[in-house]
Amino acid sequence: APSDALPPTSRAQWDADVREALAAIASKRLDKVVVGRRADLDAPEGDKFEPSRVASALAARHPEARLFVVPTGSNSAYVGATPELLAEVRGAQVRTSLAGTAPLAQADRLLRSPKDLHEHALVVRALWEGLGPLCEEIRVADRPGLREAGPVVHLHTPITGRLRQGVDLLHVAQRLHPSPA
């Protein structure tokens, strides 16, 4: 049974949310907004919903993606795949930053798109500001490059840092989540 926490998003509501987001950006109340929507899917009659099967299918279709399965009830889960990495910590080293997406055939468009470059810069700034207090040293690439992820390409500006003593992945996640990506 689908979770009752939030109702599915209708197309009409989605359209209204997008119009509201665009108006907020036009009026300078917001710099960037990510409009999401919810959809509830039921398993075919007689089939049992198995999040692991959904995750396996996503892994086969998007081998470069990071998978997640978050149980939301006895017979429901939040399942997805994303090429984005909030942060990776190895020892005292931290790295992050990925935002801006286009179909692979339109890769060059991303590097020339004022809208995508502006939104990407907002993400990079937020990640830099979030990591700053946690790091002894932080480095941000001068400009974004492209990173392929299956059928799409993303703007990618590497951000790396050396974490202060006692800082771990949970501290980093608390500072960076939710990210504007």
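In the block above lies the structure referred to throughout.
So, here is what we can say about the structure in this document.

How each quantity is defined
- Residues numbered from 1 in each chain as written.
- Predicted model: local features only at pLDDT ≥ 70, side-chain atom pairs only at ≥ 80, totals over all residues.
- Heavy atoms only, no water.
- Helix = DSSP H or I, 4+ residues; strand = E, 2+ residues; numbered from the N terminus.
- Buried < 20%, exposed > 50% of the residue type's maximum accessible area, 1.4 Å probe, protein only.
- Pairing = 2+ DSSP bridges.
- Axes fitted to C-alpha atoms, helices over the stretch in contact; angles between N-to-C directions.

**Things to note about unusual backbone geometry**
Next up, step 1: Residue Pro178 follows His177 across a cis peptide bond; omega there is -5 degrees.
Next up, step 2: Tracing the backbone through its elements, the reader meets Pro178 in the segment after helix H5 (169-176).
Next up, step 3: A positive phi angle is found at Lys28, which is not glycine, with a value near 70 degrees.
Next up, step 4: With respect to the helices and strands, Lys28 occurs in the loop between helix H1 (11-26) and helix H2 (51-61).
Next up, step 5: For Lys28, a relative accessible area of 70% puts it in the exposed group.

**Considerations on the sheet that holds strand E5 (residues 101-103)**
Next up, step 1: Here three strands make up an open sheet; going across it, the order is E5-E8-E7 and the pairing antiparallel. Of all the strands in the sheet, the pair left with one neighbour each is E5 and strand E7 (145-149). Each strand of the sheet is rotated relative to its neighbour by a mean of 30 degrees, with strand direction disregarded.
Next up, step 2: Bridge count between E7 and strand E8 (residues 152-156): five bridges; the pairing is antiparallel. Residue pairing across strands places Arg147 opposite His154, the latter belonging to E8.

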